[in-house]
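# Summary of structural features
These are the residues of each chain, in order.
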Amino acid sequence: KQEVTQIPAALSVPEGENLVLNCSFTDSAIYNLQWFRQDPGKGLTSLLLIQSSQREQTSGRLNASLDKSSGRSTLYIAASQPGDSATYLCAVRPLPGETSGSRLTFGEGTQLTVNP
Amino acid sequence: NAGVTQTPKFQVLKTGQSMTLQCAQDMNHNSMYWYRQDPGMGLRLIYYSASEGTTDKGEVPNGYNVSRLNKREFSLRLESAAPSQTSVYFCASSDHPGLAKSTDTQYFGPGTRLTVL
């Protein structure tokens, strides 16, 4: 059974700092990995999706990397801003064709606070 | 486009009552999902529908039923609510991963906050 772990559970940083969020997964047979953002009381918004054949994806100040063989992904946020404060979740999708289909397995998330 | 919409936003039930959570998407997606989110447990998949006319169990299906009414709508029913079903419920949708130009990204609704007393 796939298990996804995110460390740390919570992180507080001053504005302007570069930071890294970590995600690890136990089964390397994945199709892709996604990073999501969740604001309090809201749904999830997809930030980046990395296919298993890719090493990284970038969007603005965000960069996500994937090392499938070691079961790790990182989300790098450059020059953090108070508006980045949210919970960040990673999720992995198994290979197509398995009985688990399109289901995602989520980590519990890292709650990020960026202080002005 | 409204994206993924869910109704109601909040609901309080008594143990044993039934209710249906509604979900609709206007992105012409083939696949739809129901998740629950609980503190310390993360998001867990309840049921999903890979395409219109099909549904499959996820990680925690007990106590729930689903209906894929058409391509747009996917409902979740609690036949006899229990306090253990107090949670935040999210609906999501995505392209079928086998389609050309599919992003395979899941798009989420705003959630339904359900309390069972």
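For the structure given in this document, a descriptive report is provided here.

The rules behind each value
- Each chain carries its own residue numbering, running from 1 in the written order of its sequence.
- Chain letters start at A and ligand numbers start at 1, both assigned in the order the entries are written.
- Given that the model is predicted, a residue must reach a pLDDT of at least 70 before its local features are reported, and side-chain atom pairs must reach 80 or more before they are shown or counted; all residues, however, enter totals for whole chains, interfaces and linings.
- The basis for the side-chain values is all heavy atoms of the structure; hydrogens and waters are excluded.
- Disulfide: a pair of cysteine sulfur atoms within 2.5 Å of each other.
- Secondary structure is summarised from DSSP: a helix means a run of H or I of at least four residues, a strand means a run of E of at least two, and numbering begins at the N terminus for each.
- Summary of the burial criterion: residues with accessible area below 20% of their type's maximum are buried, those above 50% are exposed, and those between are partly exposed, where the area comes from a 1.4 Å probe applied to protein chains only.
- By convention a nonpolar core is built from buried Ala, Val, Leu, Ile, Met, Phe, Trp, Tyr and Cys residues, the set being connected through side-chain atoms within 4.5 Å.
- In what follows, residue pairs with any heavy atoms lying within 4.5 Å of each other are defined as contacts.
- The term polar contact refers here to a pair of N or O atoms within 3.5 Å; inside protein, the definition further demands a hydrogen-donor-capable atom paired with an acceptor-capable atom, and it admits residues adjacent in sequence only when both atoms are side-chain atoms.
- Working definition: a ring pair exists when centres of Phe, Tyr or Trp rings (six-membered ring for Trp) sit within 6.5 Å. Plane angles under 30 degrees give stacked, over 60 give edge-to-face, the rest tilted.
- Note on terms: buried area is the combined drop in 1.4 Å-probe accessible area of two parts once they are placed together, counting the loss on both.
- A carboxyl oxygen of Asp or Glu within 4 Å of a side-chain nitrogen of Lys or Arg is what we treat as a salt bridge.
- Under the scheme applied here, ten amino acids are nonpolar (Ala, Val, Leu, Ile, Met, Phe, Trp, Tyr, Cys and Pro), four are charged (Asp, Glu, Lys and Arg), and all others, including Gly, are polar.

## Structural notes on the state of the cysteines
Note on terminology: a disulfide is the covalent bond linking the sulfur atoms of two cysteines. By the definition in use, this model includes 2 disulfides over all chains. Each disulfide pairs two cysteine sulfurs, and for Cys 23 of chain A the partner residue is Cys 90 of chain A, the sulfurs being separated by 2.0 Å. Its S-S torsion of approximately 75° makes the covalent link between Cys 23 of chain A and Cys 90 of chain A right-handed. A residue pair is termed long-range when its members are at least 10 positions apart, and Cys 23 of chain A in strand β3 (residues 19–25) and Cys 90 of chain A in strand β9 (residues 86–94) qualify at 67 residues. Each sulfur in the disulfide pair Cys 23 of chain B and Cys 91 of chain B lies 1.9 Å from the other. Torsion about the S-S bond of the Cys 23 of chain B and Cys 91 of chain B cystine: about -75°, corresponding to left-handed handedness. With Cys 23 of chain B in strand β3 (residues 19–25) and Cys 91 of chain B in strand β9 (residues 87–94), the pair connects residues that are 68 residues apart, well separated along the chain. Relative accessible area serves as the criterion here: at 2%, Cys 23 of chain B is assigned to the buried category. Classification of Cys 91 of chain B as buried rests on a relative accessible area of 0%.

## Notes on the nonpolar core
Counting 22 residues, the largest nonpolar core has Phe 25, Leu 33, Trp 35, Leu 75, Ile 77, Tyr 88 and Leu 112 of chain A as the members making the most contacts within it. For this core, the secondary-structure elements that each account for two or more residues are β3, β4 (30–38), β5 (44–51), β7 (62–67), β8 (72–77), β9 and β11 (110–115) of chain A. Among all residues touching Leu 112 of chain A, those that are not within four sequence positions of it are Leu 11, Val 13, Leu 19, Ile 77, Asp 84, Ser 85, Ala 86 and Tyr 88 of chain A. Counting residues in each nonpolar core, the second largest holds 20 residues, with Tyr 47, Val 60, Ala 81 and Leu 114 of chain B among its members.

## Thoughts on the environment of Gln 6 of chain B
Residue and element names in this part refer to chain B. Along the chain, Gln 6 falls in strand β1 (residues 4–7). If near-sequence neighbours (up to four positions away) are discounted, Gln 6 is found in contact with Gln 22, Trp 34, Tyr 89, Phe 90, Cys 91, Gly 109, Pro 110, Gly 111 and Thr 112. At 3.1 Å, the side chain of Gln 6 forms a polar contact with the backbone nitrogen of Cys 91. Side-chain polar atoms of Gln 6 contact the backbone nitrogen of Gly 111, separated by 3.1 Å.

## Examining the packing of aromatic side chains
In total, this model carries 9 aromatic pairs over all chains according to the counting rule given. Note on Phe 36 of chain A and Phe 108 of chain B: the rings are 5.5 Å apart at their centroids and 85° apart in plane angle, and the pair reads as edge-to-face. Of this pair, Phe 36 of chain A sits in strand β4 while Phe 108 of chain B sits in strand β10 (residues 107–108), placing the two residues on different chains. Overall, Phe 36 of chain A belongs to the buried group, its relative accessible area being 0%. Residue Phe 108 of chain B is classed as buried on the basis of its relative accessible area of 11%. Of the aromatic side chains, those joined through ring pairs into one cluster are Phe 36 and Phe 106 of chain A together with Tyr 33, Tyr 35, Tyr 48, Phe 90 and Phe 108 of chain B.

## Focus on the interface of chain A and chain B
Much of the literature gives interface size as the accessible area that the parts lose upon coming together. Contact with chain A, which involves 23 residues of that partner, is made by 22 residues of chain B. Carbon and sulfur atoms supply 50% of the area buried between chain A and chain B, which totals about 1700 Å² over both sides. Measuring nitrogen to oxygen at the nearest pair gives 3.5 Å for the salt bridge that ties Glu 59 of chain B to Lys 1 of chain A. Looking at the side of chain A that touches chain B, the elements with two or more residues in it are β4, β5 and β9 of chain A. With 5 residues, the single largest contributor to the side of chain A that touches chain B is β4 of chain A. For the side of chain A that touches chain B, the residue count by class is 7 nonpolar, 11 polar and 5 charged.

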